[in-house]
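Notes for the structure review
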Amino acid sequence: MASEDFRTIWLHPDDPEVVQIIDQRLLPHDYSIHNLHSWSDGVEAITDMYVRGAPLIGATAAWSLYLAALHGKFPKEEVAHAAEVLLQSRPTAVNLRWAVERVMAHVADAADGDLARIIRADAEAICAEDVDICLGIGRHGLTLLEEISQRKNGDTVNVLTHCNAGALATINWGTATAPIYLARKAGIDVHVWVDETRPRNQGSQLTAWELAQNDVAHTLIVDNAGGHLMQHGQVDIVITGTDRTTRNGDVANKIGTYLKALAAFDNNVPFYVALPSTTIDWSTADGVSEIPIEERDASEVTMSYGVLDGVSCNIRTAAHDTKVANPAFDVTPARLVTGLITERGICDASAEGLADLFPEEAAI
Ligand code: MRU
């Protein structure tokens, strides 16, 4: 992990008709590789969160289209149908749409016999580009951690993060974690407050696990602890990921991110969002009114997954008839975001800031 060759999705080394992923539902208790044989296996992996995080969801969609091209009796129709179903599988993360549209544009005029080869090359390119992009985010974000470390005369830099925007949410390195991994490599004393991130506990089950694999000092906290820690000067910077950022700099991310941004604002703690440009939705301006927020199953709130006496189990924590709402994401308005860390540099969370870094996209 955070080593050069770690990957979250890859082609089976002995069978190019099978795509392999880590079954992230089982972490941190079991590290299990899961095989995708068909595009509908890919849809299931996205919907049921075997894979999660905007960039990895996009890559999984691209690989699913490859499987559709391989196995379809009429490959073009199969790929088109798979694309439609994939686009519905998770509504908030925009990389999914980006990846599907990219692949479909590349095969628009392709013959049936060429589809699988073209889509495989595209899926491989999407993954390779994501690794480079995350490293770019890491290099730019590192400058922020270096500044804090210098200001504190080498004392511990305390970062707070929410959800998992780590290597597991991308192909490698992560978005929010890339600067942290590079800081660790550079010898900066860095410590991470890891939000548990109810209801699916991506913080405790994924972020804490991957930070431990990489020997990064970290402490798990419940989601409600962040404000208290900020009031007491125990957080130097908040860095989160995002599932969709509008062209005005509003940021959709895992539910609870907005509350962290409010607490950071009130306590003068810099609040940064790390994102690949593939997560920017240039067609959307106002995040609160325009970004669809995924409503997930009530069981995510009423049940909890864990291990008891060595056996994995789900336990019910709420009464059977309790009414539940489970919005999976919220939108943090740009005014609460100190800056966006992208692969091209750090900018203001504003239309002007993003347009300066990505003039070719902003002009369309
Ligand atoms: O619902 P998930 O687990 O797919 O959501 C992922 C997130 O919201 C992450 O926090 C992340 O920042 C976005 S992907 C780098």
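The structure reproduced in this document is the subject of the present report. Remember, predicted model here, so these are calculated numbers, not experimental data.

Moving on, we come to the sheet that holds strand S2 (residues 19–22). Read from one edge to the other, the open sheet built from three strands follows the order S1-S2-S3, with strand pairing classed as antiparallel. The sheet terminates laterally at strand S1 (9–11) and strand S3 (33–36), the two strands that pair on one side only. Strand-to-strand, the axes of this sheet are offset by a mean angle of 30 degrees, without reference to chain direction. In this structure, S2 lies alongside S3, joined through four bridges in antiparallel fashion. Bridging from a neighbouring strand, Val19 pairs with Leu36 of S3. Contacts from helix H2 (residues 54–71) reach S1, S2 and S3 within the one sheet, and its direction differs from that of S1 by about 25 degrees.

The subject of this paragraph is the site of the ligand. For the ligand, the set of nearby residues contains 18 residues, the closest of which are Arg52, Arg90, Gln202, Asp243 and Lys254. The backbone of Thr242 places a nitrogen or oxygen atom 3.3 Å from an oxygen atom of the ligand. Lys254 places a polar side-chain atom, nitrogen or oxygen, 2.6 Å from an oxygen atom of the ligand. Contact with the protein chains hides 100% of the accessible area of the ligand, taken as 410 Å² for the molecule alone. Sorting the residues of the shell around the ligand by element identifies H2 and strand S9 (251–254) as the ones contributing at least two each. Here the residues of the shell around the ligand are counted per class, giving seven nonpolar, seven polar and four charged. When residues of the shell around the ligand are assigned to domains, at least three fall in each of domain 1 (9–129) and domain 2 (139–362).

For the rest of this paragraph, the subject is the nonpolar core. Ile9 and Leu65 are the most contacted members of the largest nonpolar core, which has 71 residues in total. The biggest single contributor to this core is helix H5 (residues 115–151), with 15 residues. There are two domains that each give this core at least three residues, and those are domain 1 (9–129) and domain 2 (139–362). Excluding its chain neighbours within four sequence positions, the residues that come into contact with Ile9 are Val19, Gln20, Ile21, Leu56, Ala59, Thr60, Trp63, Cys127 and Ile171. Among the nonpolar cores identified, the runner-up in size contains 27 residues, and Leu160, Val235, Ala263 and Val269 belong to it.

Calculation rules
Residues numbered from 1 in each chain as written. Predicted model: local features only at pLDDT ≥ 70, side-chain atom pairs only at ≥ 80, totals over all residues. Heavy atoms only, no water. Pairing = 2+ DSSP bridges. Helix = DSSP H or I, 4+ residues; strand = E, 2+ residues; numbered from the N terminus. Axes fitted to C-alpha atoms, helices over the stretch in contact; angles between N-to-C directions. Contact = heavy atoms within 4.5 Å. Near = heavy atom within 4 Å. Polar contact = N/O pair within 3.5 Å; in protein donor to acceptor, adjacent residues only side chain to side chain. Areas by Shrake-Rupley, 256 points an atom, 1.4 Å probe, with all protein chains shown as cover. Nonpolar A, V, L, I, M, F, W, Y, C, P; charged D, E, K, R; others polar. Domains from an automatic or database assignment. Core = buried A, V, L, I, M, F, W, Y, C linked by side-chain atoms within 4.5 Å. Buried < 20%, exposed > 50% of the residue type's maximum accessible area, 1.4 Å probe, protein only.

In short, geometric facts, not functional conclusions.
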